[in-house]
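Below, each chain spelled out in residue letters.
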Amino acid sequence: MSIYEFAMSIARLAGEKIREQLSHELVIETKSNPNDLVTNMDKATEAFLVAEITKHYPDHQIIGEEGHGKTITSTDGYLWVIDPIDGTLNFVHQQQNFAISIGIFHNGEKYAGIVYDVIDDKMYHAQAGQGAYLNDRPLPMLKETQLATSIISMNPNWLTKDYTYEMYAPIIRTARSARSYGSAALDFAYVALGIIDSYITLRLHPWDFSGGMIIAEEVGAVVTNQLGDKLDPLHSNSILVANSSLHKEILEQYLEPHHTALESIHKGTFSNR
Ligand code: 2AM
Ligand code: CA
Ligand code: CA
Ligand code: CA
């Protein structure tokens, strides 16, 4: 079994365990603020994935949202970047619309990405250079779109803050419509699937974007931060993902005019990297 197939098999097993536990009472704790939740299932799922990876590949490095690999500073060898449950608020409130996200890199180069929608049993996956799939179905390359006929995904919280409202409201105003799904990993998968045209957000961690980025890039999506720079799996960043013409339109016409403000936001938010 390749590392890619192994990654899908442990994501499926972890998903099965989550589904079995859905009727059990959750233990919910808060993290950085009252709306930043973590459950016993986030922790148990990360522990399961880390144990499986370590058992099969003891020399691989692992970064996970719930505490593994926080001190990793090198991308030498294989690096797994995992989010055991992406969309924890959806998990807690809806028992759906959450995903297991896994990005795997080899010597800093992307190797494979997996986003597993646990409740719908939909496995979005890609090995770098081999195309992207939803379960067994190959996903077609993205069609180019213009903002005026595009659907944009964005967390509406960004429209409630003065400094981001100024940047983002004109994008939403011009777009055909907007959506918010509450799982960054699924947002990337939905861009790859072509059911939304762009996903825009100002702050994601490597475990939120690594798996989805690798999948979306396989169908021709352009994935950068909002300054137009490449993302890397060791650092948090802002996100702009879209088909290439829409990415160019949003970056050049809507974000470039705010370049100085965006640069200082990036310096402030991501200064400890
Ligand atoms: P999580 O559910 O794994 O925490 C919700 O808009 C999306 O943003 C989810 O993918 C969520 O991941 C992520 N998210 C939630 N809180 C965040 C925070 N404080 N910083 C960055 N990403 C966050
Ligand atoms: Ca979280
Ligand atoms: Ca996440
Ligand atoms: Ca998470």
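I will try to describe carefully the structure that is included in this document. Keep in mind that this is a model prediction, so the values were computed, not measured.

1. Examining the packing of aromatic side chains
Applying the stated criterion across every chain yields a total of seven aromatic pairs. For the pair Phe6 and Trp80, a centre-to-centre distance of 6.1 Å together with 85° between the ring planes defines the contact as edge-to-face. Note that Phe6 is positioned in helix 1 (residues 3-21) and Trp80 in strand 4 (residues 78-86), a separation of 74 residues in sequence. Here Phe6 matches Trp80 in class, with each residue buried. One aromatic cluster is present, formed by Phe6, Tyr57 and Trp80 through successive ring pairs.

2. A closer look at the coordination of the calcium ion (ligand 2)
Within the first shell, the calcium ion (ligand 2) binds the protein through Glu65 (OE) and Glu65 (OE), at distances of 2.3 to 3.1 Å. The distance between the calcium ion (ligand 2) and the calcium ion (ligand 3) comes to 5.2 Å. Summarising the element assignment, Glu65 is placed in the loop between strand 3 (61-64) and strand 4.

3. Observations concerning the site of ligand 1
In the region of ligand 1, 13 residues are neighbours, and Asp83, Asp86, Gly87, Thr88 and Ala184 sit closest. Taking Asp83, its side chain carries an N or O atom lying 3.1 Å from an oxygen atom of ligand 1. The separation between a nitrogen atom of ligand 1 and a polar side-chain atom of Arg203 is 3.5 Å. Taken by itself ligand 1 offers 490 Å² of open surface, and the protein chains cover 76% of this. With respect to the pocket detection grid, ligand 1 is positioned in the largest pocket. The leading source of residues in the shell around ligand 1 is strand 4, at three residues. The residue inventory of the shell around ligand 1, partitioned by class, reads two nonpolar, six polar and five charged.

4. A look at the pattern of salt bridges
If you walk through the whole model with that rule in mind, you get six salt bridges. Of the charged contacts, one joins Glu65 and Lys31 as a salt bridge, the two residues approaching to 3.2 Å between their closest N and O atoms. Of this pair, Glu65 sits in the loop between strand 3 and strand 4 while Lys31 sits in the loop between strand 1 (28-30) and strand 2 (37-39), placing them 34 residues apart in sequence. Owing to a relative accessible area of 36%, Lys31 belongs among the partly exposed residues under this scheme. With a closest N to O distance of 3.4 Å, Lys248 and Glu252 form a salt bridge. Of this pair, Lys248 and Glu252 both sit in helix 7 (residues 244-255), four residues apart, which is roughly one turn of the helix. Overall, Glu252 belongs to the partly exposed group, its relative accessible area being 46%. Via salt bridges that share partners, Lys31, Glu65 and Glu66 belong to a single interconnected network.

What counts as what
- Residues numbered from 1 in each chain as written.
- Chains lettered and ligands numbered in written order.
- Predicted model: local features only at pLDDT ≥ 70, side-chain atom pairs only at ≥ 80, totals over all residues.
- Heavy atoms only, no water.
- Phe/Tyr/Trp six-rings, centres within 6.5 Å; stacked < 30°, edge-to-face > 60°.
- Helix = DSSP H or I, 4+ residues; strand = E, 2+ residues; numbered from the N terminus.
- Buried < 20%, exposed > 50% of the residue type's maximum accessible area, 1.4 Å probe, protein only.
- Donors = N, O, S within 2.8 Å, 3.2 Å for Na, K, Ca; no water.
- Near = heavy atom within 4 Å.
- Polar contact = N/O pair within 3.5 Å; in protein donor to acceptor, adjacent residues only side chain to side chain.
- Areas by Shrake-Rupley, 256 points an atom, 1.4 Å probe, with all protein chains shown as cover.
- 1 Å grid on protein atoms, 1.4 Å probe; cavity = no way out; pocket = protein on both sides within 12 Å on 5 of 7 lines; lining within 4 Å.
- Sits in = over half its atoms within 2 Å of the grid points.
- Nonpolar A, V, L, I, M, F, W, Y, C, P; charged D, E, K, R; others polar.
- Salt bridge = Lys/Arg side-chain N within 4 Å of Asp/Glu carboxyl O.

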